[in-house]
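# Breakdown of the fold
So the chains spell out like this:
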Amino acid sequence: MPTPSIAAGAYANVARLTDPAAGLAKGAGEGAGGTSFGDMLKNVLSSVAEQGRKSDAQTQAMLGGKADMIDVVTAVSETEVAVQTMVAVRDKVIEAYQNIMSMPI
Amino acid sequence: MDLMKSIAIAASGLRAQSGRMQVISENIANADSTAQAAGGDPYRRQVATFQSAMDNALGARVVKLGPVRTDPSDFQVKNEPGHPAADANGNVHYPNVNPLIEMTDMRDAQRSYSANLNVINATRTMIQRTLDILKS
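All values reported here derive from a predicted model rather than from experimental measurement.

Take the layout of surface pockets next. In this structure, the second largest pocket spans a volume of roughly 520 Å³. Contributing to the lining of the second largest pocket are 23 residues, with Asp71 and Thr74 of chain A together with Ala8, Ala11 and Arg15 of chain B lying nearest its centre. Counting only elements with at least two residues in the lining of the second largest pocket, the list comes to helix H2 (37-63) and helix H3 (69-101) of chain A together with helix H1 (2-29) and strand S3 (60-65) of chain B. At eight residues, H1 of chain B tops the list of elements feeding residues into the lining of the second largest pocket. In terms of residue class, the lining of the second largest pocket is made up of ten nonpolar, six polar and seven charged.

Structure, rendered in structure tokens:
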């Protein structure tokens with residue numbers, strides 16, 4: 001279970017990740033005329049951050065004796081799935097990028 | 001995602017069974033609660049009911065704890081003339097709580113809770129296995 005202080009650091013990191021993604025969206029989206037990869041990444045990151053914030057709020061409410069333990073468990077497991085999916089997609093994309101970069105020209 | 005939905009549905013089962021557990025613990029705790037005044041009625045056993053409800057946000061039928069009803073069966077009568085709640089004949093009405101029935105109900109609630117937990121665990125495993133494809 002993420003403690004609030006660790007979680008706060010993690011969200012700050014995710015929020016910092018969102019900003020370069022905005023820059024990336026501007027660069028990559030120009031002339032493409034569709035949803036760019038940067039846009040998609042930005043959306044995914046913000047939804048993951050949002051879910052993390054929700055589960056953290058539930059955890060804090062439970063520690064304050066206001067929320068149900070069952071709500072905390074479902075919220076945390078939802079966030080866990082969202083973060084794992086995001087990390088897996090990121091790893092795949094970076095792997096593909098490195099494959100292209102190491103291509104002999 | 002459908003798998004997250006089934007986790008939420010199983011969570012509604014957990015919530016309902018924990019509510020039932022609360023009713024059972026009230027019954028067991030009040031098994032000896034007699035009336036305050038002489039000849040009055042003691043604690044009456046409560047029964048939890050379940051009902052299926054449509055969760056519009058989730059788009060699925062979840063289980064909810066229905067109204068908690070009272071058990072209309074007869075009270076136990078014991079002859080204790082010295083008891084403050086005894087009537088003119090020395091009889092005291094004790095609650096219609098049978099510890100054996102409560103124990104069986106409790107075991108039932110426990111098993112249902114475990115079954116819902118198993119659904120959550122199995123669903124989590126399915127999600128993880130699917131994600132493993134993306135990772136490899």
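That covers the picture; the talk isn't over yet.
A few words now on the interface of chain B and chain A. Facing the 15 residues of chain B at the interface are 13 residues of chain A. Taking both partners together, chain B and chain A bury about 1200 Å²; carbon and sulfur atoms supply 65% of that area. Together, Met4, Arg15 and Leu134 of chain B form the three largest contributors to the area buried by chain B at its contact with chain A, with a combined 38%. At the surface where chain B touches chain A, the tally comes to three salt bridges. The interface formed by chain B and chain A includes three residue pairs in polar contact (both at pLDDT 80 or more). Among the elements of the structure, H1 and helix H2 (99-135) of chain B are those that each provide at least two residues to the side of chain B that touches chain A. Of the residues in the side of chain B that touches chain A, the class split is nine nonpolar, three polar and three charged.

Per-residue confidence for chain B gives a mean pLDDT of 92; residues scoring 70 or more make up 100%. Here the predicted complex scores 0.74 on pTM and 0.72 on ipTM.

A cluster of nonpolar residues, Phe37, Met40, Val44, Val89 and Val93 of chain A together with Leu134 of chain B, forms a patch on the protein surface that exposes about 400 Å² of accessible area. Contributing elements (two or more residues each) for the nonpolar patch: H2 and H3 of chain A. The greatest single-element share of the nonpolar patch, amounting to three residues, is contributed by H2 of chain A. Note that phenylalanine 37 of chain A resides in helix H2.

Inspection of the secondary structure assignment puts glutamate 102 of chain B in helix H2. If sequence neighbours within four positions are ignored, glutamate 102 of chain B has contacts with Ile24, Asn27, Ile28, Arg45 and Val97 of chain B.

So, on to the nonpolar core. Counting residues in hydrophobic clusters, the biggest one holds five residues: Ile70 of chain A together with Ala10, Ala11, Leu14 and Ile120 of chain B. Of the residues forming this core, the biggest block, three residues, is contributed by H1 of chain B. Residues contacting isoleucine 70 of chain A, with those up to four places away along its chain left out, are Ala11, Leu14, Arg15, Ser18 and Tyr113 of chain B.

It is worth spelling out the pairing of strand S6 (residues 91-94) of chain B at this point. All names here are of chain B. Side chains of S6 alternate between two faces, with Val92 and Tyr94 buried and Asn91 and His93 left unburied. Across four bridges, the pairing between strand S5 (residues 76-79) and S6 is antiparallel. The residue bridging lysine 78 from the neighbouring strand is valine 92, located in S6.

This part takes up the packing of H3 of chain A against H2 of chain B. In the contact formed by H3 of chain A and H2 of chain B, the axes pass within 9 Å of each other and the chain directions differ by 10°. Viewed along their axes, H3 of chain A and H2 of chain B adopt a mutual orientation that is roughly parallel. Residues Ile70, Ser77, Glu80, Val81, Gln84, Thr85, Ala88, Val89 and Lys92 of chain A of H3 of chain A form the contact with H2 of chain B, whose participating residues are Tyr113, Arg124, Ile127, Gln128, Leu131, Leu134 and Lys135 of chain B. Residue classes in the contact of H3 of chain A with H2 of chain B are distributed as eight nonpolar, four polar and four charged.

Reading the values: the criteria
- Residues numbered from 1 in each chain as written.
- Chains lettered and ligands numbered in written order.
- Predicted model: local features only at pLDDT ≥ 70, side-chain atom pairs only at ≥ 80, totals over all residues.
- Heavy atoms only, no water.
- 1 Å grid on protein atoms, 1.4 Å probe; cavity = no way out; pocket = protein on both sides within 12 Å on 5 of 7 lines; lining within 4 Å.
- Points joined across faces, edges and corners; volume = space filled by probe spheres on them.
- Helix = DSSP H or I, 4+ residues; strand = E, 2+ residues; numbered from the N terminus.
- Nonpolar A, V, L, I, M, F, W, Y, C, P; charged D, E, K, R; others polar.
- Contact = heavy atoms within 4.5 Å.
- Buried area = accessible area lost by both parts, 1.4 Å probe.
- Salt bridge = Lys/Arg side-chain N within 4 Å of Asp/Glu carboxyl O.
- Polar contact = N/O pair within 3.5 Å; in protein donor to acceptor, adjacent residues only side chain to side chain.
- pLDDT = per-residue confidence, 0-100.
- Patch = residues over 30% accessible without salt bridge, like charges linked within 9 Å, V, L, I, M, F, W, Y side chains within 5 Å.
- Areas by Shrake-Rupley, 256 points an atom, 1.4 Å probe, with all protein chains shown as cover.
- Core = buried A, V, L, I, M, F, W, Y, C linked by side-chain atoms within 4.5 Å.
- Buried < 20%, exposed > 50% of the residue type's maximum accessible area, 1.4 Å probe, protein only.
- Pairing = 2+ DSSP bridges.
- Axes fitted to C-alpha atoms, helices over the stretch in contact; angles between N-to-C directions.
- Parallel < 35°, antiparallel > 145°, perpendicular 65-115°, else oblique.

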